[in-house]
Amino acid sequence: MKSPGSLRLSWKRLPPAGRNLSAVLAGIAVFAISLGLTAAALLSARSALHQETQARLETVADRLEAELSRRLTLADYGLKGARASYAVAGDLTGEDFRTLVQARDLPTYFPGVRGFGVLETTPDNRLVPRHVEPAEQNRGELGLDFLGDPARREAAERAIATGNTALRAPVTLPDLAPPDPGWVLMVPLPRGLLYAPI
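A brief report on the enclosed structure follows. Keep in mind the model is a prediction, meaning the values are calculated, not measured.

**So, the overall build of the chain**
So, point 1. Check the secondary structure of the chain and you find 5 helices and 5 strands.
So, point 2. The helix and strand sequence of the chain, counted from the amino end, reads α-α-α-α-β-β-α-β-β-β.
So, point 3. Within the span of the chain, comprising 198 residues, buried residues form 28% of the whole.
So, point 4. Restricting to contacts in the chain with at least 6 residues of sequence separation, those with at least 24 account for 48%.
So, point 5. As presented, the chain carries roughly 12,800 Å² of accessible surface, and 61% of it is formed by carbon and sulfur atoms.

Next up, the structure:
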C-alpha cells in the first residue's frame, strides 16, 4: 500500500486542467473535420455515381428507343410492300400471300414481327384474318374477331379512317404460351387491312 505522500506526488505529475481540455478539444476538432471531409467525399462520390448511372441509363434508353423505332419502321415497310403487291395483282390467293411472306424472310428483315396477315370483314360484321403467315406460328389469330377486342378494333378503325398505318399496344398475342402482350400494326387496303402481330 502506498503512503499518502506518494499519492500527492502522482497528482503533481498530471498536466494542468487547461492543457488537458485543449488536447481533448483539438482531438474532437480533428475528428469532426475528418468526419466532415469523409462525408463530403462520400456525397461527392455518390453524386458522381448517380450521374454516371443516369447517363448510362439514358444511353441504353436511347438505344432501345432507336431500335424499337427501326423495327416498327421495317414492319411498316413490309406491310406497305405487301400492299403494293395487292395494288398490282388485285386480290391474292392464300398461296400467293404465303409466297409473298416467305419471300420476305421475316426473322432476318423484320425482327420481332410474328407474321403478316390480311383482315376482311365477314357478312356478320366481324373483322377476321383471311390469311396469316407463317400459319404455324400464328394459328391462334385465325378466326379471331379483331372487332371484338377493343385494342385491335381501335387500331383497325384508326387505320381505315386515316388511310395510314396504325399501331396499337398492348394486345394479347394468342399463340404465345402463356399469352404475352404484344402490338399490332395495321395498314389499310382498298378492301380490308394488312396487319402484323409484333
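Next comes the rest of the account.
**Here's the deal with the environment of G90**
So, point 1. Counting through the fold element by element, G90 comes out in the loop between α2 (17-89) and α3 (94-104).
So, point 2. Each C-alpha atom, one on G90 and one on P190, is 9.8 Å from the other, the two residues being 100 residues apart in sequence.

**A word on unusual backbone geometry**
So, point 1. With an omega of -5°, the peptide bond between E133 and P134 qualifies as cis.
So, point 2. Among the structural elements, P134 can be located in the loop between β2 (127-133) and α5 (150-162).
So, point 3. The residue D105 is not glycine, and still its phi comes out positive at about 50°.
So, point 4. Relative to the helices and strands, D105 resides in the loop between α3 and α4 (106-109).
So, point 5. Residue classification places D105 among the partly exposed positions, given a relative accessible area of 32%.

**A closer look at the sheet that holds strand β4 (residues 180-189)**
So, point 1. Strand order in this open sheet of 5 strands is β2-β1-β5-β4-β3, and the pairing throughout is antiparallel. Single-partner strands in this sheet number two, and they are β2 and β3 (166-173). Sheet twist, expressed as the average angle between the axes of neighbouring strands with direction ignored, equals 35°.
So, point 2. Here 6 bridges tie β4 to strand β5 (residues 192-197), and the two strands are oriented antiparallel to one another. Counterpart to P188 in the pairing with β5 is L193.
So, point 3. On top of the sheet, α3 reaches β1 (116-121), β2 and β5; it is set at about 55° to β2, its chief contact.
So, point 4. Along the sheet, α5 contacts β2, β3, β4 and β5; its crossing angle with β3, the most-contacted strand, is approximately 160°.

**Digging into the pairing of β1**
On a regular strand, one side chain projects to one face of the sheet and the next to the other, so that they alternate.
So, point 1. With 6 bridges joining them, β1 and β2 adopt antiparallel strand pairing. If you follow V118 over to β2, its bridge partner there is H131.
So, point 2. Counted between consecutive antiparallel strands, the loop separating β1 from β2 contains 5 residues, among which N125 sits at a positive phi close to 65°.

**Examining the nonpolar core**
So, point 1. Core analysis: the biggest nonpolar cluster contains 20 residues, and L79, Y86, F97, V113, F116 and L194 have the highest contact counts within it.
So, point 2. The dominant element in this core, judged by the number of residues it contributes, is α2, at 5 residues.
So, point 3. Grouped together as the second largest cluster of nonpolar side chains are 16 residues, L173, V184, M186 and L193 included.

**Structural notes on the side chain of E133**
So, point 1. Relative to the helices and strands, E133 resides in strand β2.
So, point 2. Using a relative accessible area of 8% as the deciding quantity, one classes E133 as buried.
So, point 3. For E133, the side chain forms a polar contact with the main-chain nitrogen of A135, separated by 3.2 Å.
So, point 4. Setting aside residues no more than four positions away along its own chain, E133 makes contact with F97, R98, V101, L106, R114, G115, F116 and N138.

So, how was this worked out
- Residues numbered from 1 in each chain as written.
- Predicted model: local features only at pLDDT ≥ 70, side-chain atom pairs only at ≥ 80, totals over all residues.
- Heavy atoms only, no water.
- Helix = DSSP H or I, 4+ residues; strand = E, 2+ residues; numbered from the N terminus.
- Buried < 20%, exposed > 50% of the residue type's maximum accessible area, 1.4 Å probe, protein only.
- Contact = heavy atoms within 4.5 Å.
- Areas by Shrake-Rupley, 256 points an atom, 1.4 Å probe, with all protein chains shown as cover.
- Pairing = 2+ DSSP bridges.
- Axes fitted to C-alpha atoms, helices over the stretch in contact; angles between N-to-C directions.
- Core = buried A, V, L, I, M, F, W, Y, C linked by side-chain atoms within 4.5 Å.
- Polar contact = N/O pair within 3.5 Å; in protein donor to acceptor, adjacent residues only side chain to side chain.

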